[in-house]
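Each chain is listed here by its residues.
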Amino acid sequence: MTSAAETYDLIVIGGGSSGENVADRAVQGGLTAVIIESELVGGDCSYWACMPSKALIRAGTALDAARRVGGAAEAVTGELDARAAFARRDRVTHNWSDESQVRWLDSAEIALVRGHARITGVREVTVTADDGATTVLTATHAVAVCSGSAALLPDIPGLADVDPWSSREATSATEVPTSLAIIGGGTVGAEMATAYAALGTTVTLVVRGTLLGKLEPFAGELVTDALRAAGATVLTGVSATELARNADGDVELSLDDGSTVTASQVLVATGRIPRTQDLGLGVVGMSDGDWLTVDDTMLVRGDSPVLEGEWLYATGDVNNRALLTHQGKYQARAAGDVIAARANGKPVDDEPWGTHVATADHAAVPQVTFTDPEVASVGLTAEAAEKAGYRIRVLDYDLSWLGGATVLADDYTGQARAIVDEDRQVLLGVTFVGQDVGELLHSATIAVVGEVPLARLWHAVPSYPTLSEVWLRFLEAYGRPSI
Ligand SMILES: Cc1cc2nc3c(=O)[nH]c(=O)nc-3n(C[C@H](O)[C@H](O)[C@H](O)COP(=O)(O)OP(=O)(O)OC[C@H]3O[C@@H](n4cnc5c(N)ncnc54)[C@H](O)[C@@H]3O)c2cc1C
């Protein structure tokens, strides 16, 4: 639907996963809403992040899963077909067409204006279309900034000149590079190393600290082992200091330990910056390029008096709370509902865990890292829990000892950890590493968010033989608490 009106109850800047959800909830709450999108409706997740990356990774993990099962392994007589994997990725991204998402906007009665949005006044946004035409939109109630994030290009001499890949090029590539150096050992670096190693690329990961260093240490260790077993080189504790293309066109990376890495392509995966350049943030007393700080109802916080009147919100990556699609959508549901409630003069439930707040951002952010083995984590690590002052007990379990693991794969490798708050006998965090553990994660999220007492968890009986039996093992290791 193309917009004709110029006044809406809610203006949403950015039609990614979080923007779509803010608009949808507000419309369901009785408001009118418009989304302004400068690229593709659906945003990064659909076209250059979650979906294409997982589609690429899946080809390799499916093959490896079959190779781990006697009987099935004998049927795997060929190698991964990179061209077919790219073709499947193209189907998953709808060939970078947002037609179906635009149809959904239409069905959800959300207007769409294509172009670049800038805040030009209180509740006022000016859109510049590709042909230079401008439209001034006015919001009766609120403006939500949902403009996402972009890859950070660190200030390493020579980096910009070698024309590096960011996650966008890595997820939309159509050829398998002969060799790929990846700078950065976070989720994107580890996942892309997994994907490209399986596609046949010679991968070298250059990691400043340790791989997946924000997670429980055993996660990075097991993924490092697996990547090395898959033929990748994982260099930890080193940084790239300079890059240049040599006479053959390959990239040479100088590292701070004096060594060099040569690769046909380099991928930079060193973090994200907010997409707030050229957004008009000066109007609200901030600077373009800033992250937007929000309260738990997603209202933008700042010193400028123009922010008074509860009209400027920010959800998704741009508020830097938890840069994950599902958390951005969760924030968006809270924001869309609270915008509608405030507009309709209805009560706002902004107590922790209330209807109109995104409390889980602070306590229970689930994340699956789609490496092979997968890493699934929620809540606090042992180190973070200790730092936060909790009196904790750590429960560790080797997942390969489970009947479910024996059935799933020959030589299953996996590890699990639960962090118990000893004072309340509830879980603060859980981490699983192993094949197919991603689907286990929501059980842990429910236990952490629900603060389910361990005494009650004894009555949640896991089915045999599944990986879920890890819950029973955690409880047996802890000992039966009394209520
Ligand atoms: C390689 C990779 C893999 C990932 N995998 C996962 C995963 O498996 N699971 C997961 O949960 N998360 C994953 N993420 C993170 C996830 O992609 C982001 O958290 C999510 O896309 C953020 O959604 P958003 O709506 O905040 O922003 P976006 O999806 O980036 O949407 C923002 C939209 O705003 C538009 N826009 C920006 N500025 C303007 C403007 N001024 N005017 C008009 N439009 C504008 C943009 O064009 C864009 O479409 C991954 C990220 C990367 C990089």
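As shown above, the structure is provided for reference.
Please read these numbers as outputs of a predicted model, since none were measured by experiment.

How each quantity is defined
- Residues numbered from 1 in each chain as written.
- Predicted model: local features only at pLDDT ≥ 70, side-chain atom pairs only at ≥ 80, totals over all residues.
- Heavy atoms only, no water.
- Helix = DSSP H or I, 4+ residues; strand = E, 2+ residues; numbered from the N terminus.
- Expected span 1.5 Å × (residues − 1).
- Buried < 20%, exposed > 50% of the residue type's maximum accessible area, 1.4 Å probe, protein only.
- Contact = heavy atoms within 4.5 Å.
- Pairing = 2+ DSSP bridges.
- Axes fitted to C-alpha atoms, helices over the stretch in contact; angles between N-to-C directions.
- Salt bridge = Lys/Arg side-chain N within 4 Å of Asp/Glu carboxyl O.

Q: Teacher, can you tell me more about helix H1 (residues 17-28) here?
A: Residues separated by three or four positions in an α-helix point in the same direction, a consequence of the helix having 3.6 residues per turn. The first and last C-alpha atoms of H1 sit 17 Å apart over twelve residues, in line with the 16 Å expected at 1.5 Å per residue. For H1, the tally of buried residues reaches ten of twelve residues, placing the bulk of the element in the interior. The complete set of buried residues in H1 reads Ser17, Ser18, Gly19, Glu20, Asn21, Val22, Ala23, Asp24, Ala26 and Val27. In this fold, the buried residues of H1 make contact with strand E1 (7-13), strand E2 (33-37), helix H2 (43-47), helix H5 (99-107), strand E6 (134-145) and helix H9 (325-343). Glycine 30, located one to two residues past H1, shows a positive phi value of around 100 degrees.

Q: Where do I start with the sheet that holds strand E20 (residues 415-421) in this structure?
A: Strands belonging to one sheet form pairs held by backbone hydrogen bonds; the direction of such a pair is parallel or antiparallel. Reading across the sheet, the five strands line up as E17-E18-E21-E20-E19 and stay open at both edges, with antiparallel pairing between neighbours. In this open sheet, the two strands that pair with only one neighbour each are strand E17 (367-369) and strand E19 (392-398). Averaged over all pairs of adjacent strands, the angle between strand axes in this sheet comes to 15 degrees, irrespective of strand direction. Relative to strand E21 (residues 426-434), strand E18 (residues 374-379) runs antiparallel, the two sharing six bridges. Residue pairing for E21: valine 375 is matched across the bridge by valine 433.

Q: Before we go on, may I ask you to explain the pattern of salt bridges in this structure?
A: Two side chains bearing opposite charge may form a pair once their charged atoms approach each other closely. According to the stated counting rule, one finds 24 salt bridges in the structure shown. Arginine 417 serves as the salt-bridge partner of aspartate 396, at 2.7 Å between the closest nitrogen and oxygen. Separated by 21 residues along the polypeptide, aspartate 396 in strand E19 and arginine 417 in strand E20 bring together distant segments of the chain. Given the relative accessible area of 39%, aspartate 396 is considered partly exposed. The class of arginine 417 is buried, set by a relative accessible area of 17%. Between aspartate 421 and arginine 424 there is a salt bridge, with its nearest N and O atoms 2.7 Å apart. Judged by its relative accessible area of 3%, aspartate 421 is buried. Where salt bridges share partners, they join Glu39, Asp44, Arg168, Arg272 and Arg275 into one cluster.

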